[in-house]
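# Close look at the chain arrangement
Given next are the chains, with one letter for each unit.
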Amino acid sequence: GEGEGEAGGDEEEGEEGSRLWALRLLSMRLAPLMRKPGEVRGSAAARWYGALASELSQPQLDALLPVIVPPVARAADDASGHVHAAVKARAAEVLALLQRAASPPAFVAVYQRVQDATRDARRERKRKAALAAVADPEATARLRIAKNLSKKRQKARKLSTMKRQRDGGGSLGLGTGKKRRQD
């Protein structure tokens, strides 16, 4: 009698473990979608993370936090412009939901690790750039010139697009340009 109950408990734990494994795998697969251009895929991933936060128990959620928090936090705190505005807003909502649903020590620990990793990566990029500037100043100058040319071309494209939008009908005389004042 007692042996059966223990075996059933182990089976339930194994089933829950495989369920958490599947959720972890799916969450890891959805993580890159949070930083893709466009709204649809990132919003779908954010909705998935939000659903996990609202449906899982606190211990289950705490076990998945290391997989869920990094992509959500990176999307919510994005300053690069790579994340669509709607995805960024939804990620901020999901982050707040995760903060409420998870145990505070677990959430704070994972969130702090994400912030530390972001800070360390930024520091490492700056260090490498400074080292490259010292090691090969000509290559650094070429890169800087190429970057400035790229910015100049982008600005010219933007102005050209704005000019075309302003002219609307163009030289076809379709009447979509500026209206003449009649006195």
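Not measured: the values here are computed from a predicted model.

Rules behind the numbers
Residues numbered from 1 in each chain as written. Predicted model: local features only at pLDDT ≥ 70, side-chain atom pairs only at ≥ 80, totals over all residues. Heavy atoms only, no water. Phe/Tyr/Trp six-rings, centres within 6.5 Å; stacked < 30°, edge-to-face > 60°. Helix = DSSP H or I, 4+ residues; strand = E, 2+ residues; numbered from the N terminus. Buried < 20%, exposed > 50% of the residue type's maximum accessible area, 1.4 Å probe, protein only. Polar contact = N/O pair within 3.5 Å; in protein donor to acceptor, adjacent residues only side chain to side chain. Contact = heavy atoms within 4.5 Å. Salt bridge = Lys/Arg side-chain N within 4 Å of Asp/Glu carboxyl O. Expected span 1.5 Å × (residues − 1). Arc of directions from axis to C-beta.

Glancing now at the packing of aromatic side chains. Applying the stated criterion across every chain yields a total of 1 aromatic pair. Residues Phe107 and Tyr111 carry aromatic rings whose centres are separated by 5.8 Å and whose planes lie at 10° to one another, so their mutual orientation is stacked. With Phe107 and Tyr111 both in helix H5 (residues 104–135) and 4 residues apart, this pair spans about one turn of that helix. Since its relative accessible area comes to 24%, Tyr111 is described here as partly exposed.

Quick look at the side chain of Ser103 now. Along the chain, the position of Ser103 falls in the loop between helix H4 (85–101) and H5. Here Ser103 falls in the buried class, since its relative accessible area comes to 15%. Within the structure, the side chain of Ser103 is placed 2.8 Å from the side chain of Asp62, a separation counted as a polar contact. Sequence-distant contacts of Ser103, defined by excluding residues within four places in its chain, comprise Gln58 and Asp62.

Counted under the stated rule, the structure contains 4 salt bridges. Notably, a salt bridge pairs Arg35 with Asp78, separated by 3.5 Å at the nearest N-O pair. Here Arg35, found in the loop between helix H1 (2–30) and helix H2 (40–55), pairs with Asp78, found in the loop between helix H3 (58–76) and H4; they are 43 residues apart in sequence, far enough to count as distant. Residue classification places Asp78 among the buried positions, given a relative accessible area of 7%. For Asp120, the salt bridge identified is with Arg123, shortest N-O distance 3.5 Å.

Here H4 is 17 residues long and its end C-alpha atoms lie 24 Å apart, about the 24 Å a rise of 1.5 Å per residue gives. Turning to H4, its buried residues number three or more, namely Val87, Ala91, Val94, Leu95 and Leu98. End-on view of H4: buried residues confined to an arc of 105°, all on one side of the axis. Residues Ala85, Glu93 and Arg100 are exposed on H4 and point more than 90 degrees away from its buried face.

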